[in-house]
Amino acid sequence: MIDNIKFDDAGLVTAVVQDATTKEVLTVAYMNKESLKKTIESGETWFYSRSRQQLWHKGATSGHTQKVVSIKADCDGDAIVVEVLPAGPACHNGTTSCFTEVLQENAKVGSVGIIPELVKIIEKREQEMPEGAYTTYLFEKGIDKICKKVGEEATEVVIGAKNRDAEEVKWEAADLMYHLLVLLQEQKVSVFDVLHVLEKRHEEK
């Protein structure tokens with residue numbers, strides 16, 4: 001693989017680091033041939049610092065290492081995407097991603113990016129159980145209540161579909177997805193494992 005990478009005149013290649021689970025872009029760094037080799041051999045990310053002009057192992061001092069899941073090169077071989085499982089924040093500022101500064105934001109559109117955000121919120125609700133929160137109420141009532149809500153919302157989706165009411169289907173489907181995420185959290189089943197099952201099924205077809 002390394003022989004197929006087109007390093008620039010400085011001997012570097014741009015490395016886009018992406019969370020393998022959420023697909024969020026965590027950071028953009030640079031690798032030379034040696035750091036790329038170390039990344040492949042160690043299974044954790046190594047980069048080349050242009051300011052310090054030396055290799056650095058992500059998380060060597062902070063403990064916020066990045067376990068490599070896959071490395072992909074673009075069609076020209078002059079940039080790579082490194083999918084990782086992070087053990088902590090990617091940014092030195094302590095944020096999950098380095099990309100937190102919004103330069104422009106147009107009208108909101110639906111994105112699957114809301115799923116990992118909801119997963120985090122639901123997990124936090126279960127841990128902290130804040131008074132007055134609906135998610136807290138569901139966890140307090142337990143599995144029977146959660147299952148009942150999933151069933152009710154699924155039925156509402158079916159009714160909306162039978163009535164050819166797209167607006168109702170949209171809202172009821174959102175309710176169903178939320179309650180399903182709560183159910184998965186209660187069962188300690190990762191939604192990303194569910195998505196992995198879908199990927200595997202897609203590959204088999």
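Residues numbered from 1 in each chain as written. Predicted model: local features only at pLDDT ≥ 70, side-chain atom pairs only at ≥ 80, totals over all residues. Heavy atoms only, no water.

- The protein chain appears in an unreviewed UniProt entry as Histidine biosynthesis bifunctional protein HisIE from Lysinibacillus parviboronicapiens.
- Of the protein chain, the UniProt comment under Subcellular location (unreviewed entry) reads exactly: "Cytoplasm". (UniProt positions renumbered as here; feature names shortened; annotations may be inferred.)

**Considering the environment of D165**
Point 1. Examined against the element boundaries, D165 turns out to sit in the loop between helix 4 (143–162) and helix 5 (166–187).
Point 2. Owing to a relative accessible area of 31%, D165 belongs among the partly exposed residues under this scheme.
Point 3. At 3.0 Å, the side chain of D165 and the backbone nitrogen of E168 are in polar contact. (Helix = DSSP H or I, 4+ residues; strand = E, 2+ residues; numbered from the N terminus. Buried < 20%, exposed > 50% of the residue type's maximum accessible area, 1.4 Å probe, protein only. Polar contact = N/O pair within 3.5 Å; in protein donor to acceptor, adjacent residues only side chain to side chain.)

**A closer look at the sheet that holds strand 6 (residues 79–86)**
Backbone-to-backbone hydrogen bonds join strands into a sheet, with any given pair of strands oriented parallel or antiparallel.
Point 1. The 4 strands lie next to each other as 2-1-6-5, forming an open sheet whose pairing is mixed. Each edge of the open sheet is held by one strand with a lone partner, namely strand 2 (25–31) and strand 5 (66–73). The mean inter-strand angle of the sheet, taken between neighbouring strand axes irrespective of direction, is 25 degrees.
Point 2. Sheet topology note: the strand 5/strand 6 ladder contains 7 bridges and is antiparallel. When the bridges of strand 6 are listed, V68 appears paired with V84. (Pairing = 2+ DSSP bridges. Axes fitted to C-alpha atoms, helices over the stretch in contact; angles between N-to-C directions.)

**Focus: the nonpolar core**
Point 1. Counting residues in hydrophobic clusters, the biggest one holds 15 residues, and the most contacted among them are A15, M31, L36, F47, I80, V82 and V84.
Point 2. The residues contacting A15, other than those within four sequence positions of it, are T27, V28, A29, M31, F47, I80 and V82.
Point 3. Ranked by size, the runner-up nonpolar core spans 14 residues in total, among them I115, V119, Y178 and L183. (Core = buried A, V, L, I, M, F, W, Y, C linked by side-chain atoms within 4.5 Å. Contact = heavy atoms within 4.5 Å.)

**Re the environment of T45**
Point 1. Its place among the elements puts T45 in the loop between helix 1 (33–42) and strand 3 (46–49).
Point 2. The contact partners of T45, leaving out residues within four places of it in the chain, are T39, W56, H57, K58, Q66, V68, V82 and V84.

**Quick notes on the pairing of strand 4 (residues 54–57)**
Across a regular strand the side chains alternate sides, sitting on one face of the sheet and then on the other.
Point 1. Bridge count for strand 3 against strand 4 is 4 bridges, and the pairing is antiparallel. Across the sheet, S49 pairs through a bridge with Q54, a residue of strand 4.
Point 2. Two successive antiparallel strands, strand 3 and strand 4, enclose a turn made up of 4 residues, where Q53 displays a positive phi of approximately 55 degrees.

**Let's talk about the UniProt feature "domain: Phosphoribosyl-AMP cyclohydrolase" (unreviewed entry) in the protein chain**
Point 1. Taking the UniProt record as the reference, the feature "domain: Phosphoribosyl-AMP cyclohydrolase" (unreviewed entry) is found at residues 28–100.
Point 2. Annotation note: span residues 28–100, helix share 14%, strand share 38%, distance between end C-alpha atoms 13 Å.

**Section: helix 2 (residues 114–128)**
Point 1. Along its 15 residues, helix 2 runs 21 Å from first to last C-alpha, staying within 8% of the 21 Å computed at 1.5 Å per residue.
Point 2. Summarising the contacts, the buried residues of helix 2 are in contact with helix 3 (134–141), helix 5 and helix 6 (191–204). (Expected span 1.5 Å × (residues − 1).)

**Some details on a nonpolar patch on the surface**
Point 1. Together, V25, V28 and F99 give the surface a local cluster of nonpolar side chains, amounting to about 250 Å² of exposed area.
Point 2. If you trace the backbone, V28 turns up in strand 2.
Point 3. The class for V28 is partly exposed, based on a relative accessible area of 38%. (Patch = residues over 30% accessible without salt bridge, like charges linked within 9 Å, V, L, I, M, F, W, Y side chains within 5 Å. Areas by Shrake-Rupley, 256 points an atom, 1.4 Å probe, with all protein chains shown as cover. Salt bridge = Lys/Arg side-chain N within 4 Å of Asp/Glu carboxyl O.)

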